[in-house]
Each structure stands twice: as structure tokens, then as C-alpha cells.
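What follows is each chain in one-letter form.
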Amino acid sequence: MPLAGLALRPFGGWASDGWSRKKPSLIGLTLGALSGLFYLGPLTFVLVGRFLQGAAMALFAPSSLAMTSDLVPEHAVGRVMGTRNLILGIGVMSGTALGGFLVDYFGFTAVWVLVLLVQLVWIPVFTWGVPETLDTPSANPWWANFGAVLRDRGILAPTLANAGFAAVFAALQTFYPLVLDGAGYRAAWVGTFLAFYSLVSVIFRLPAGYLADRFEAGQVALAGFVSATFGLFLLWFLPLPPLAFVAGFFMGAGAGLYLPANIVAVTRAARPELRGSAFSLFTASWDLGGLVGPPLGGVVAAGFGLRAVFPVMALGAALTVAGYLWVREGRTASRAS
């Protein structure tokens, strides 16, 4: 799925800037609805379904973010993006819980049928309820638009930081359950910790949007990066429950601050005609982090033991913050000159 997303996001960004904001989102919704049906077949079909899910996100994510940016007045970008991120977090949490319930009582087939029905319901709502916001399609080739957004440090800084923290948290979600299992903790502790971290993250997303309207979005994101990094260092020294929940609070609060603030920063830095390409690059950072984090953590765990993953995650987060500041300072210096 991440490979499909990375491969197709340049096309998704170009389509959003050079063709339509609305149509790529609709195609993405349709592919997402159909992808679940492939999970009902053999492994080959499941892999096709994963590819379709990656393609769906590559089309839907940048175009829907660009549409939101087009529709929202400048002074309200933060609170709207914070609310959007809040709704996304609630959807992920409730969908995960509902999926587990459906599997226990009705089997996996019920999950994929519900995925199909939910997205099919939204396709007509999206078709008639959301306007097209791209007035003048870009005539540039996709590489020209991507080159323009890559040269903008206001877009590059949050994108690189997002990739770094995505890698760290992907490694955390992969290896922390193994650490707790090795220490004799039941699976319920793993679920409770991840649910607590996610809940704190969701709670902080709406305030983060309001803060990004009142203060510079990059500073709000920086506060989130620092909080998440502090939580990862705490987890290094306090890896086991219940003290690990203190670390989970700071990690969740940090993610809740930087996720919407980064989106606001990209919105304000990108030229309107390049928003699709800018968000295509930015959302690709999630896929890139998901690809890099777990394999790197696996190498560390295989060579030095599971506990060695903790300092690598903490130091990786600290290096990400340092890189973010370096890129931002370069942008400030270029503006001053």
C-alpha cells in the first residue's frame, strides 16, 4: 500500500493541479470502496486490494486537502484543518473498534462489505455537495510543479519532519507490542497504551488548529515535535506500564499539535495553483516513514535486542527536530536576504 501511494502520488498531485480538484477525490473514493472486495479472495487478490487502497489515498488525500484549502478563508485555516484532523482521528479510532467487533461476531467479510457501503454512500454526497475549486488548471508537467514545491522550504520543512516522525511512530507501533509481550504483559496493555496515546492525540488536534491561526503554524508544529521527542525519551527510560503512560501522554500531545499545524504550514506556504502538488509531496511523507521505520527498527532489534529500538527512536526524533530547524532557518535567512 505505501509503495503504491508513493508511486502514484506525483500523478495525484498533478491531477489535482492540472485537471480537477474534485475528480481525483471521487476516483479515490471509488477505488477505496472497491478495494475491500478484493480482500474476500485469495492472497493475490488481497495484494491487488492493498494496491488499490494505496492508489485511492494517492488520489484522494492531496486533492481533498487542496479543496479544503481553496474553500477556507485564510483566517480560519487552522481551526478548519484542526477540525478535519480531529474528525480523521475519531474515524480511525471508531473504525478500529467497530472492525474488531464485526470480526468477532460476523467475520471478516462483514468488515469489507461495510467499507464498501460506507464509501458508496459518500460518493453521491461528495458529487453533489462539494464544488469544484480549481478555476485554472496548471499547464505545467508534474515534475515542474514538484520541483517548485521542493524548492520551497516552507513546504519542505514540515514534509521532512512529518516523514521522520512517521518513521519513528511506525517503528513504535511495530516493536513496542513485542517489548511488552517479552516483559510478560497481556495484549490488553498494548491496546490500552496505543488507545491512550491516540486519544490524547485526537484531543489536542482542535486546540492545535486554533493555535495555528493565532501563532505561526511552524512554531506550533515545533512545540509538538519537542513534546513527542520528550515522550520518546521518557519511553526509553520508562518503557513499561503504568509509567509508560506518562510518555504516551507527551507523545500523543505532540502528535496532536504537529499533525494539523504541519498541514496549515503547507497550506499557507503553497501557491494556490500548486496546492495539489504540495499536498501530494506532504502526504507521501507518511508512506515514506511507514516504509523506512519498521525495517530500520528490525535491523536494530535483530542486532542489539528489542530494547535497543527505544534509543534509536528517541535519537531519530531529536535528529528530525534538528533537521526541521535547519531547513526552517534556511527559509528565514533566504527571506531576510
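In the block above lies the structure referred to throughout.
Throughout what follows, the structure given in this document is the object of discussion. None of these values were measured; they are calculated from a predicted model.

A look at the packing of aromatic side chains
Any pair of aromatic rings gets described here by the distance separating the centres and the angle formed by the planes.
Reasoning step 1: Using the criterion set out here, one finds 22 aromatic pairs in the structure.
Reasoning step 2: Note on Trp189 and Phe245: the rings are 6.2 Å apart at their centroids and 65° apart in plane angle, and the pair reads as edge-to-face. Of this pair, Trp189 sits in helix H8 (residues 187-214) while Phe245 is found in helix H10 (residues 244-269), placing the two residues 56 residues apart along the sequence.
Reasoning step 3: For Trp189, a relative accessible area of 35% puts it in the partly exposed group.
Reasoning step 4: Judged by its relative accessible area of 16%, Phe245 falls in the buried class.
Reasoning step 5: Taken together, the ring pairs in this structure connect Tyr176, Tyr185, Trp189, Phe193, Phe196, Phe245 and Phe310 into an aromatic cluster.
Reasoning step 6: The ring of Trp326 is capped by Arg153, whose NZ or CZ atom sits 5.5 Å from the centre of that ring.

Focus: H8
Reasoning step 1: Across its 28 residues, H8 extends 42 Å between first and last C-alpha, which sits within 8% of the 40 Å expected from 1.5 Å per residue.
Reasoning step 2: Along its length, H8 reaches its greatest deviation from straightness, about 30°, at Arg205, and the proline Pro207 lies no more than four positions downstream.
Reasoning step 3: Of the positions making up H8, those classed as buried are Val190, Phe193, Tyr197, Val200, Ser201, Val202, Arg205, Ala208, Gly209 and Ala212.

What about the side chain of Thr320?
Reasoning step 1: Position of Thr320 relative to the elements: it lies in helix H12 (residues 309-336).
Reasoning step 2: Among residues more than four places away in sequence, those in contact with Thr320 are Leu160, Ala161, Gly164 and Phe165.

Some points on the packing of helix H6 (residues 142-150) against helix H11 (residues 275-304)
Reasoning step 1: Direction vectors running N to C along H6 and H11 enclose 70°, while the axes themselves pass 9 Å from each other. Taken together, H6 and H11 sit at an angle that is classed as roughly perpendicular. Between H6 and H11 the crossing geometry is right-handed. Across from Asn145, Phe146, Val149 and Leu150 in H6, the residues of H11 making contact are Ser277, Ala278, Ser280 and Leu281.
Reasoning step 2: Residue composition of the contact of H6 with H11, grouped by class: five nonpolar, three polar and no charged.

So, the pattern of salt bridges
Reasoning step 1: Going through the model one piece at a time under the given rule, you end up with nine salt bridges.
Reasoning step 2: Asp287 is paired through a salt bridge with Arg9; the nearest N and O atoms lie 2.8 Å apart. Note that Asp287 is positioned in helix H11 and Arg9 in helix H1 (residues 2-18), a separation of 278 residues in sequence. For the pair shown, Asp287 and Arg9 are each scored as buried.
Reasoning step 3: We note a salt bridge from Arg328 to Glu216, for which the minimum N-O separation is 3.1 Å. One end of the pair, Arg328, is in helix H12; the other, Glu216, is in the loop between H8 and helix H9 (217-237), and 112 residues separate them in sequence.
Reasoning step 4: Classification of Arg328 as buried rests on a relative accessible area of 19%.
Reasoning step 5: You can call Glu216 partly exposed: its relative accessible area is 39%.

Some words on the environment of Arg84
Reasoning step 1: Among the secondary structure elements, Arg84 is positioned in helix H4 (residues 77-106).
Reasoning step 2: The exposure class assigned to Arg84 is partly exposed, which follows from its relative accessible area of 28%.
Reasoning step 3: C-alpha separation for the pair Arg84 and Gly290, spaced 206 residues apart in sequence, amounts to 22 Å.
Reasoning step 4: Leave out the neighbours within four places in its chain, and Arg84 touches Ser64, Leu65 and Thr68.

Definitions and cut-offs
- In this convention, every chain numbers its residues from 1, walking through the sequence in written order.
- Totals for whole chains, interfaces and linings use all residues, but because this is a predicted model, local features are given only for residues with pLDDT of at least 70 and pairs of side-chain atoms are given and counted only at 80 or more.
- To get the side-chain values, take all heavy atoms of the structure and skip hydrogens and water.
- The pairing test for Phe, Tyr and Trp rings, Trp by its six-membered ring, is centres within 6.5 Å, and the orientation test on the planes gives stacked under 30 degrees, edge-to-face over 60, and tilted for anything in between.
- Each helix is a run of DSSP H or I of at least 4 residues and each strand a run of E of at least 2, with the numbering of both proceeding from the N terminus.
- Any residue under 20% of the maximum accessible area for its type is buried, any over 50% is exposed, and the rest in between are partly exposed; the area is computed with a 1.4 Å probe on protein chains only.
- Lysine and arginine charges are scored as sitting over a ring when NZ or CZ, respectively, is within 6 Å of the ring centre and within 35 degrees of the ring normal.
- To estimate how far a helix should extend, the number of its residues minus one is multiplied by 1.5 Å.
- Take the seven residues that end at a residue and the seven that start at it, fit an axis to each, and the angle between those axes is the bend at that residue.
- It only takes one pair of heavy atoms within 4.5 Å for two residues to be counted as in contact.
- The angle between two axes is taken between their N-to-C directions and runs from 0 to 180 degrees, where each axis is a line fitted to C-alpha atoms and a helix contributes only its stretch in contact.
- Convention used here: angles under 35 degrees read as roughly parallel, angles over 145 as roughly antiparallel, angles from 65 to 115 as roughly perpendicular, and any remaining angle as oblique.
- Handedness of a crossing follows from how the near helix is turned relative to the far one, being left-handed for an anticlockwise turn of less than a right angle and right-handed for a clockwise one.
- In this count, Pro and Cys sit with the nonpolar residues alongside Ala, Val, Leu, Ile, Met, Phe, Trp and Tyr, while Asp, Glu, Lys and Arg are called charged and the others, Gly among them, polar.
- By salt bridge we mean one thing: a side-chain nitrogen of Lys or Arg within 4 Å of a carboxyl oxygen of Asp or Glu.

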